[in-house]
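Report on the structure
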Amino acid sequence: MAEGKHKTRTIKIDTVARVEGEGALHVAVKDGVVQDVELRIFEPPRFFEAFLQGRHYDEVADIVARICGICPVAYQMSAVHALEQIFGVQVTGALRDLRRLIYCGEWIESHALHVYMLQAPDFLGYDSGIAMAKDHANMVTRGLRLKKAGNAIMTLLGGRSVHPVSVKVGGFSRVPRRRELESLKDELLWARDAAIETVHWVAGFEFPEFLPDSLFVALRAPDEYPFNEGQIVSGNGLRISATEFERHFAEQQVPYSNALHCTLHGSPYFVGPLARLNLNHDHLSPLARQSLDGTGLALSLRNPFHGIIARSVEILYALEESLRLIERYEPPPSPGVPVVVRPGTGMACTEAPRGILYHRYRVDADGIIREAKIVPPTSQNQSRIEQDLRLFMPRLLSLSDDKEVALACERVIRCYDPCISCATHFLRLELDRD
Amino acid sequence: MGQPRSHSKPRRSKLGVFKFASCDGCQLSILNLEDDLLALGQVLDIAYFPEASSDMGAGPYDIALVEGSITTSEDAHRILSVREQAKVLITIGACATAGGIQALRNWADVEAFKRVVYPSPQYIRSLTTSTPISEHVRVDFELWGCPIDKGQLLRVLTDLSAGVQPRLPSHPVCVDCKRRGIVCVMVAKGVPCLGPVTRTGCGAICPSMGRDCYGCFGPAEGSTQGPGLPPNTASLAKQFHQGLQLIPIEVLRRFRGINGYVKPFREESQAWEDVKREA
């Protein structure tokens with residue numbers, strides 16, 4: 001295909017589809033060698049960290065939820081944990097369980113959306129989940145019902161699934177009665193079986209051979225799969241608390257994107273379901289463990305395309321965990337613990353569906369936010385996505401049709417379930433073949 | 001005898017979903033239709049919905065759903081072309097309808113905002129304001145909410161595809177609480193609830209969860225066009241201040257939130273800006 005002395009080829013994706021938010025990709029190729037890969041996030045900046053300044057701490061959970069409609073609970077959780085650290089508030093027992101439960105709901109909803117509606121169409125050759133439904137109605141219906149089961153947990157605990165209203169510093173504005181939670185059980189038991197089938201289904205997809213050397217980062221707790229708590233650990237031995245995050249991780253701005261790139265000691269790293277599974281598989285619940293073993297895959301999983309398997313295993317884990325938490329639920333004496341405002345700085349990291357989400361707040365003596373910093377999972381994965389594309393591109397260059405190259409690049413990007421709305425504070429592909 | 005009548009199926013309405021500055025939550029509400037989503041896909045031709053599909057069908061569209069507010073000059077341009085391609089343009093959610101939470105920049109120095117978030121603010125192109133779609137193009141129907149109520153969305157789409165002019169109720173959330181027998185949180189707990197001035201649509205979620213309404217669905221009846229009176233924000237604000245002992249800045253923040261840039265709420269927060277300055 002290449003003629004002449006220097007062949008430039010530019011591959012452009014103007015809008016990366018089936019991701020949350022807006023972005024583009026620009027790839028420059030010269031003499032068959034990839035020169036440049038730029039993931040351009042043109043989602044307009046929304047300046048959350050700036051307008052949080054001057055707001056009362058009690059408003060933060062409602063405001064930060066609006067960063068992302070797909071994972072509002074993650075933003076609420078990182079926020080309330082960081083603020084509780086400042087005020088010396090401990091949320092334990094049933095209130096802690098309920099926070100874990102609403103987070104399970106968000107993982108189920110977000111993961112089911114990605115597995116069935118956004119990524120499965122790549123493996124089965126469709127443009128969308130809706131188009132896939134024409135030939136695979138049972139699968140799509142199962143996926144939507146799974147997603148609905150996650151939404152049902154969020155709606156019961158939070159009033160609604162998009163931007164729940166009950167999460168607050170110290171606990172909740174209202175906690176459910178035992179029988180309300182029990183009303184979820186039948187559907188969650190169905191969903192647990194559907195999740196087992198999901199793991200089996202996605203494990204049967206055809207995966208490209210692709211084993212980049214990734215540095216995985218996730219939370220790790222002593223005796224449970226991580227949601228709200230744990231130390232930040234990496235595959236190469238990092239073990240720190242959230243208070244030390246900014247001493248190891250740094251956000252850099254690149255001129256071509258509205259999202260900041262975050263690196264660990266200057267290197268790209270990988271957060272999200274695959275990283276969590278690799279670093280926490282010993283804490284999986286029985287059926288999730290069994291289903292993962294049933295895939296015959298050896299840990300750790302390094303192929304980013306296996307993210308869909310990790311995500312499915314986590315749906316199953318979140319369902320087993322939800323059922324366990326519901327089983328042992330006794331309503332707490334009060335929906336929240338008392339909060340006494342004091343000035344200070346607090347940091348927290350929790351596991352959003354797409355990976356670790358870091359928040360830092362400085363609060364004055366009146367409880368007013370003076371400074372806020374938020375590092376979402378997608379800005380952490382962004383450098384890793386670019387590196388994967390650089391490694392994956394050479395095998396695509398034999399394709400003469402730029403459109404096919406672009407589609408293959410989008411598939412790589414979607415492995416990370418990037419959430420571009422979160423990261424602007426994502427995609428058009430431009431492939432420059434020189 | 002004339003020609004036999006054709007019984008061919010009527011053409012499906014072509015739908016486009018467009019995103020501007022937003023959190024994607026209202027688009028997610030479309031996917032959250034779950035049970036009705038596949039049926040909707042049969043009634044409507046979902047031609048352009050990049051968040052859900054790689055198949056990006058070109059316009060024109062019978063119905064355009066627009067999420068998000070206008071915050072960049074590119075987007076101020078793009079909305080013109082969406083309008084040109086759409087027979088009916090519907091804004092979905094607080095961002096598109098009122099400017100959204102990011103309209104808080106409208107009271108701030110955006111250059112200073114850039115410096116807070118970005119180390120190299122010169123690369124960031126952004127307008128100094130976040131404005132609703134209706135400030136840029138004609139809007140045929142507005143769906144309020146942060147997020148929108150998926151039941152309201154389904155109703156409006158069903159009405160439109162049946163050729164019916166959609167209508168949604170616009171009374172205050174307060175009425176919903178009375179109807180449902182939810183204990184008034186302002187009376188019982190002394191919290192500054194925006195229910196008396198906020199449009200119905202969510203189902204009074206916040207009071208039912210034991211907390212104050214914070215105005216996700218914008219001002220109640222008559223606050224934009226149409227019949228009725230604007231909500232009595234002044235009276236409610238006075239109650240917050242004198243009855244609940246909120247200081248002026250707290251009253252101001254109450255109205256300057258999710259829908260803070262829409263006129264009745266904007267004017268009320270401005271009034272308390274003045275009270276604060278005099279104090």
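Just so you know, these numbers come straight off a predicted model, no measurement behind them. (Residues numbered from 1 in each chain as written. Chains lettered and ligands numbered in written order. Predicted model: local features only at pLDDT ≥ 70, side-chain atom pairs only at ≥ 80, totals over all residues.)

**Focus: the overall build of chain B**
Helix and strand counts for chain B come out as 12 helices and 5 strands. The globule rule puts the C-alpha radius of gyration for 279 residues at 19 Å, and the 21 Å found for chain B is close to it. Referenced to the eigenvectors of the C-alpha coordinate spread, the extents of chain B come out at roughly 80 × 55 × 30 Å. Across the 279 residues of chain B, 51% fall into the buried class. In chain B, 71% of the contacts between residues at least 6 apart in sequence involve partners at least 24 apart. (Helix = DSSP H or I, 4+ residues; strand = E, 2+ residues; numbered from the N terminus. Rg over C-alpha atoms; globule rule 2.2 N^0.38 Å. Buried ≥ 20, exposed ≤ 12 C-beta atoms within 10 Å, placed from the backbone. Contact = placed C-beta atoms within 7 Å.)

**Observations concerning the overall build of chain A**
Of the regular secondary structure elements, chain A holds 15 helices and 14 strands. Relative to its length of 434 residues, chain A is compact, with a C-alpha radius of gyration of 21 Å against a globular reference of 22 Å. Across its three principal axes, chain A shows a C-alpha extent of roughly 75 × 50 × 35 Å. Put simply, chain A has 434 residues, and 60% of those count as buried.

**Things to note about the environment of Ile315 of chain A**
Residues and elements named next belong to chain A. Along the chain, Ile315 falls in helix α12 (residues 307–327). Take Ile315: there are 32 C-beta atoms within 10 Å of it, and that puts it in the buried class. C-alpha separation for the pair Ile315 and Cys104, spaced 211 residues apart in sequence, amounts to 8.3 Å. Apart from the residues lying within four places of it in its own chain, the contact partners of Ile315 are Ile108, His111, Ala112, Leu146, Ala195 and Thr198.

**Examining the interface of chain B and chain A**
Many analyses report the size of an interface as the accessible area lost when the parts associate. In this assembly, 50 residues from chain B lie in contact with 50 residues from chain A. Listed by contribution, the elements that provide at least two residues to the side of chain B that touches chain A are α1 (25–31), α2 (37–43), α5 (110–117) and α9 (205–208) of chain B. Among the elements that line the side of chain B that touches chain A, the one with the most residues is α1 of chain B, at 5 residues. Among the residues forming the side of chain B that touches chain A, the class breakdown is 27 nonpolar, 14 polar and 9 charged. (Nonpolar A, V, L, I, M, F, W, Y, C, P; charged D, E, K, R; others polar.)

**Observations concerning the sheet that holds strand β11 (residues 344–352) of chain A**
Residue and element names in this part refer to chain A. Spatial strand order, β11-β12-β13: 3 strands in an open sheet with antiparallel pairing. Each having just a single partner strand, β11 and β13 (369–375) make up the two edges of the open sheet. Mean inter-strand twist for the sheet, computed between neighbouring axes without regard to direction, equals 15°. In the sheet, β11 pairs with strand β12 (residues 355–363) via 9 bridges, with the strands oriented antiparallel. Looking across to β12, one finds that Thr350 is bridged to Leu357. Contacting β11 and β12, helix α3 (residues 72–87) crosses the sheet at an angle of about 150° to β11. Across the face of the sheet, helix α13 (residues 377–392) comes into contact with β11, β12 and β13 while running at roughly 130° to β12. (Pairing = 2+ DSSP bridges. Axes fitted to C-alpha atoms, helices over the stretch in contact; angles between N-to-C directions.)

**With respect to the confidence of the model for chain B**
Overall, the predicted model of chain B reaches an average pLDDT of 90, with 92% of residues at or above 70. Across the predicted assembly, pTM comes out at 0.93 and ipTM at 0.93. (pLDDT = per-residue confidence, 0-100.)

**Observations concerning the sheet that holds strand β4 (residues 86–92) of chain B**
All names here are of chain B. With respect to topology, 5 strands assemble into an open sheet ordered β2-β1-β3-β4-β5, the strand pairing being parallel. With partners counted over all chains shown, the strands left at the sheet margins are β2 (44–48) and β5 (141–143), one partner each. If you compare each strand with its neighbour and ignore which way they point, the axes differ by 25° on average. Note that strand β1 (residues 13–19) and β2 share 4 bridges and pair parallel. Bridging from a neighbouring strand, Leu15 pairs with Ile46 of β2. Against the sheet, helix α3 (residues 73–85) touches β1, β3 (61–67) and β4, its axis set at about 130° to β4. Strands β1, β2, β3, β4 and β5 of the sheet are contacted by helix α6 (residues 150–161), whose axis makes an angle of about 160° with β5.

**Let's talk about the domain arrangement of chain B**
All names here are of chain B. By the assigned domains, chain B splits into domain 1 (13–161) and domain 2 (173–278). The C-alpha centroid of domain 2 is placed 25 Å from the C-alpha centroid of domain 1. Between domain 1 and domain 2, the contact holds 13 residues from the first and 12 residues from the second. With 3 residues, the top contributor of residues to the side of domain 1 that touches domain 2 is helix α4 (residues 94–98). When grouped by side-chain class, the residues that make up the side of domain 1 that touches domain 2 number 7 nonpolar, 5 polar and 1 charged. (Domains from an automatic or database assignment.)

**Looking at the pairing of strand β3 (residues 33–41) of chain A**
Residues and elements named next belong to chain A. Sheet topology note: the strand β2 (residues 23–30)/β3 ladder contains 3 bridges and is antiparallel. Counted as the bridge partner of Gly23 is Ile41 from β3. If you look at the hairpin formed by β2 and β3, you'll find 2 residues sitting between the two strands, and Asp31 has a positive phi there, around 50°.

**A closer look at the nonpolar core**
When a protein is soluble and globular, its nonpolar side chains tend to lie buried together. With 193 residues, the main nonpolar core has Leu83 and Val217 of chain A together with Ala64 and Val66 of chain B as its most contacted residues. At 15 residues, the largest contribution of residues to this core is made by helix α4 (residues 93–124) of chain A. Residues lining this core come from more than one domain, with at least three contributed by each of domain 1 (13–161) and domain 2 (173–278) of chain B. Among residues more than four places away in sequence, those in contact with Leu83 of chain A are Tyr57, Val60, Val169, Gly346, Tyr361 and Val363 of chain A. If you look at the next biggest cluster of nonpolar residues, it comprises 25 residues, including Ile13, Leu25, Ile385 and Leu389 of chain A. (Core = buried A, V, L, I, M, F, W, Y, C linked by C-beta atoms within 7 Å.)

**Regarding the packing of helix α10 (residues 273–280) of chain A against α12 of chain A**
Residues and elements named next belong to chain A. Axis separation between α10 and α12 bottoms out at 8 Å; the angle between their running directions is 70°. The angle between α10 and α12 places the two elements in the roughly perpendicular class. For the crossing formed where α10 meets α12, the hand is left-handed. Of α12, the residues touching α10 (which contributes Pro273, Leu274 and Leu277) are Gly307, Ala310, Arg311, Val313 and Glu314. Of the residues belonging to the contact of α10 with α12, the class tally is 5 nonpolar, 1 polar and 2 charged. (Parallel < 35°, antiparallel > 145°, perpendicular 65-115°, else oblique. Left-handed = near helix turned anticlockwise from the far one by under 90°.)

**Quick word on the confidence of the model for chain A**
The pLDDT averaged across chain A works out to 91; a share of 94% of its residues lies at or above 70. Throughout residues 424–431 of chain A the model reports pLDDT below 50, and contacts reaching past four residues in sequence, or to other chains, amount to 67 contacts.

**Focus: α4 of chain A**
Residue and element names in this part refer to chain A. For α4, spanning 32 residues, the distance from its first C-alpha to its last is 44 Å, which sits close to the expected 46 Å at 1.5 Å a residue. Of all the bends in α4, the greatest, near 35°, is centred on Val115. Buried residues dominate α4, accounting for 26 of its 32 residues. Once α4 ends, the next one or two residues include Gly125, with phi positive near 80°. (Expected span 1.5 Å × (residues − 1). Bend = angle between axes of the 7 residues up to and from the residue.)

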